[in-house]
Amino acid sequence: MNNRREYDLEERLIDYPVRIIRVSEALPETRAGQHVGMQLLRSGTSPAPNYSEAVAAESRKDFIHKVKIALKELRETFTWLRVVRRAGMIEPVGKLDELLKETDELIAILFSSAQTARRNLDEGKDKP
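Model, not experiment: these values are computed from the prediction.

S.K.: Looking at this structure, how should I read the packing of helix α2 (residues 31–44) against helix α4 (residues 60–86)?
M.R.: In helix packing, the relevant descriptors are the interaxial angle and the interaxial distance, both defined with respect to the helix axes. Following both chains from N to C, one finds α2 and α4 inclined at 155 degrees, their axes separated by 8 Å at the closest point. What the angle tells us is that α2 and α4 run roughly antiparallel. You can see that α2 and α4 cross each other, and the crossing is left-handed. Counted together, His35, Val36, Gln39, Leu40, Arg42, Ser43 and Gly44 of α2 and Glu73, Glu76, Thr77, Trp80, Leu81 and Val84 of α4 form the full contact between these two elements. Partitioned by chemical class, the residues of the contact of α2 with α4 number 5 nonpolar, 5 polar and 3 charged.

S.K.: Mind showing me how you'd approach the side chain of Thr103 here?
M.R.: Mapped onto the elements of the fold, Thr103 is located in helix α5 (residues 97–122). Those residues in contact with Thr103, other than ones at most four positions away along the chain, are Tyr16, Leu74, Phe78 and Leu81.

S.K.: Looking at this model, I keep getting lost on the environment of Ala26. Mind explaining?
M.R.: Within the secondary structure layout, Ala26 lies in helix α1 (residues 2–26). Among the residues examined, Ala26 registers a relative accessible area of 42% and is labelled partly exposed. The spacing of Ala26 and Leu96 is 70 residues in sequence and 11 Å in space, taken between C-alpha atoms.

What counts as what
- Residues numbered from 1 in each chain as written.
- Predicted model: local features only at pLDDT ≥ 70, side-chain atom pairs only at ≥ 80, totals over all residues.
- Heavy atoms only, no water.
- Axes fitted to C-alpha atoms, helices over the stretch in contact; angles between N-to-C directions.
- Helix = DSSP H or I, 4+ residues; strand = E, 2+ residues; numbered from the N terminus.
- Parallel < 35°, antiparallel > 145°, perpendicular 65-115°, else oblique.
- Left-handed = near helix turned anticlockwise from the far one by under 90°.
- Contact = heavy atoms within 4.5 Å.
- Nonpolar A, V, L, I, M, F, W, Y, C, P; charged D, E, K, R; others polar.
- Buried < 20%, exposed > 50% of the residue type's maximum accessible area, 1.4 Å probe, protein only.

Printed below as a string of structure tokens:
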């Protein structure tokens, strides 16, 4: 069952940048649209490879570090998506609601994963 959950998370994290790419491509061809699009592309496409590196971590400490990087990028992406919505850069603005929800859920999952790994590390378990 645990392998299935990891696979599901990995698939969600791979689908995520695809959705981010679509949003960035839909932004207006203005300086602001291009700037925000590049920021979204940078932060929104990095959680999947960072998580992939976390899964292959050599220690629990390394795992925690890499998960926290993915988490940081998701939080930044969440903020940029809110900027896009608030600035009305994509119509209708509700079009971003599902992506914002997915971002929030991925943040919660990775946050929980980092906390669990930290707790296990503190208890003396060094392997992820």
